[in-house]
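Okay, here's what each chain looks like letter by letter:
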Amino acid sequence: DQQVKQNSPSLSVQEGRISILNCDYTNSMFDYFLWYKKYPAEGPTFLISISSIKDKNEDGRFTVFLNKSAKHLSLHIVPSQPGDSAVYFCAASEGYTGNQFYFGTGTSLTVIP
Amino acid sequence: IAGITQAPTSQILAAGRRMTLRCTQDMRHNAMYWYRQDLGLGLRLIHYSNTAGTTGKGEVPDGYSVSRANTDDFPLTLASAVPSQTSVYFCASSEEGTAPIYEQYFGPGTRLTVT
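Notes on the structure in this doc start here. Owing to the predicted nature of the structure, the values given are computational and were not obtained by experimental measurement.

## Some details on the packing of aromatic side chains
- Under the definition given, this model contains 12 aromatic pairs over all chains.
- Summarising the aromatic geometry, the rings of Y25(A) and F33(A) are spaced 4.8 Å apart at their centres and angled 40° between planes, so their arrangement reads as tilted. For the pair Y25(A) and F33(A), one class covers both residues: buried.
- Ring plane angle 35° and centroid distance 6.5 Å describe the contact between Y33(B) and Y35(B), whose orientation is recorded as tilted.

Right, here's the structure in full:
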């Protein structure tokens, strides 16, 4: 059973607008969350993370929001650029261990010039 | 600077054959991981190693084995491949395998097809 879900397989956004990628999880013990970006034929690369003691973390154009009560996190990209076109995975971990990350199925973002 | 290298890039393998996927990192990271990526399932952890000499089972370990003889190498072996092991395999590493969490760095992947 998928513990981390990304219900939107794909998303298209106009360049310069905001991209919002969503992620839901079922395990209330998850307390550390990461977003990865993946280009075709490459491995995923780390983008941004957030721990459960925060509800927002910002890094340049990327902001991750965490709503623990709803078991929901989202990644905002503002402004979106064509180079942001990629597959985005969210991942979650229980406890401060790096052993067991649970990944979502990914959302393919296309930024239209 | 290579980071993480994986070999082979792709492979077609007959069912029942033995296969070892190679993974090498040059970042001196303590922890290493093997994932498989399947359509509609995301990335799932197969095995991990917190440090040289230790290994552990992830979410989907059956049919796979690993070893960690040194810091840099973390090979993944399929003793007798089955078609359900057709997937893209990613090796990853991180500075530490236990608290606090460090992000993982991924290799380029190995595309394996078992026929």
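We are not done yet, so read on.
## Section: unusual backbone geometry
- In this structure, the amide linkage connecting V78(A) to the following residue, P79(A), adopts the cis form with an omega of -15°.
- In this structure, P79(A) sits in the loop between β8 (72–77) and β9 (86–94).
- For K71(A), which is not a glycine, the phi torsion comes out positive at approximately 50°.
- Positionally, K71(A) belongs in the loop between β7 (62–67) and β8.
- We note that R28(B) has phi near 60°; this positive angle belongs to a residue other than glycine.
- The exposure class assigned to R28(B) is exposed, which follows from its relative accessible area of 55%.

## Here we look at the state of the cysteines
Residue and element names in this part refer to chain A.
- As enumerated under the stated definition, the model contains two disulfides over all chains in all.
- Disulfide pairing is shown between C23 and C90; the S-S distance is 1.9 Å. Taking the torsion about the sulfur-sulfur bond, which here is approximately 65°, the covalent link between C23 and C90 counts as right-handed. Here the residue C23 occupies a position in strand β3 (residues 19–25), and C90 occupies one in strand β9, the gap between them amounting to 67 residues.

## So, the nonpolar core
- If you look at the biggest cluster of nonpolar residues, it comprises 24 residues, and the most contacted ones within it are V4(A), F33(A), W35(A), L73(A), L75(A) and Y88(A).
- Sorting the residues of this core by element identifies β3, β4 (30–38), β5 (45–51), β7, β8, β9 and β11 (107–112) of chain A as the ones contributing at least two each.
- Of the residues forming this core, the biggest block, four residues, is contributed by β9(A).
- Counting 18 residues, the second largest nonpolar core, distinct from the first, contains L13(B), W34(B), C91(B) and L112(B).

## Points about the environment of G106(A)
All names here are of chain A.
- As for its position among the elements, G106 is in the loop between β10 (101–103) and β11.
- Residue classification places G106 among the buried residues on the basis of a relative accessible area of 8%.
- Dropping the residues within four chain positions of it, G106 is found in contact with Q6, S8, P9, V87, Y88 and F89.

## Remarks on a nonpolar patch on the surface
- Nonpolar side chains collect at one region of the surface, where I18(A), I20(A) and V78(A) lie side by side and expose about 230 Å² of accessible area between them.
- One can find V78(A) in the loop between β8 and β9.

## A few points about the sheet that holds β3(A)
All names here are of chain A.
- As summarised here, the arrangement of the five strands in space is β1-β3-β8-β7-β6, forming an open sheet in which the pairing is antiparallel. The open sheet has two free edges, formed respectively by β1 (4–5) and β6 (56–59), since each of these has just one partner strand.
- When β3 meets β8, the two strands line up antiparallel, connected through six bridges. The residue bridging L21 from the neighbouring strand is L75, located in β8.

What counts, and where the lines are drawn
- Residues numbered from 1 in each chain as written.
- Chains lettered and ligands numbered in written order.
- Predicted model: local features only at pLDDT ≥ 70, side-chain atom pairs only at ≥ 80, totals over all residues.
- Heavy atoms only, no water.
- Phe/Tyr/Trp six-rings, centres within 6.5 Å; stacked < 30°, edge-to-face > 60°.
- Buried < 20%, exposed > 50% of the residue type's maximum accessible area, 1.4 Å probe, protein only.
- Helix = DSSP H or I, 4+ residues; strand = E, 2+ residues; numbered from the N terminus.
- Disulfide = S-S within 2.5 Å.
- Core = buried A, V, L, I, M, F, W, Y, C linked by side-chain atoms within 4.5 Å.
- Contact = heavy atoms within 4.5 Å.
- Patch = residues over 30% accessible without salt bridge, like charges linked within 9 Å, V, L, I, M, F, W, Y side chains within 5 Å.
- Areas by Shrake-Rupley, 256 points an atom, 1.4 Å probe, with all protein chains shown as cover.
- Salt bridge = Lys/Arg side-chain N within 4 Å of Asp/Glu carboxyl O.
- Pairing = 2+ DSSP bridges.

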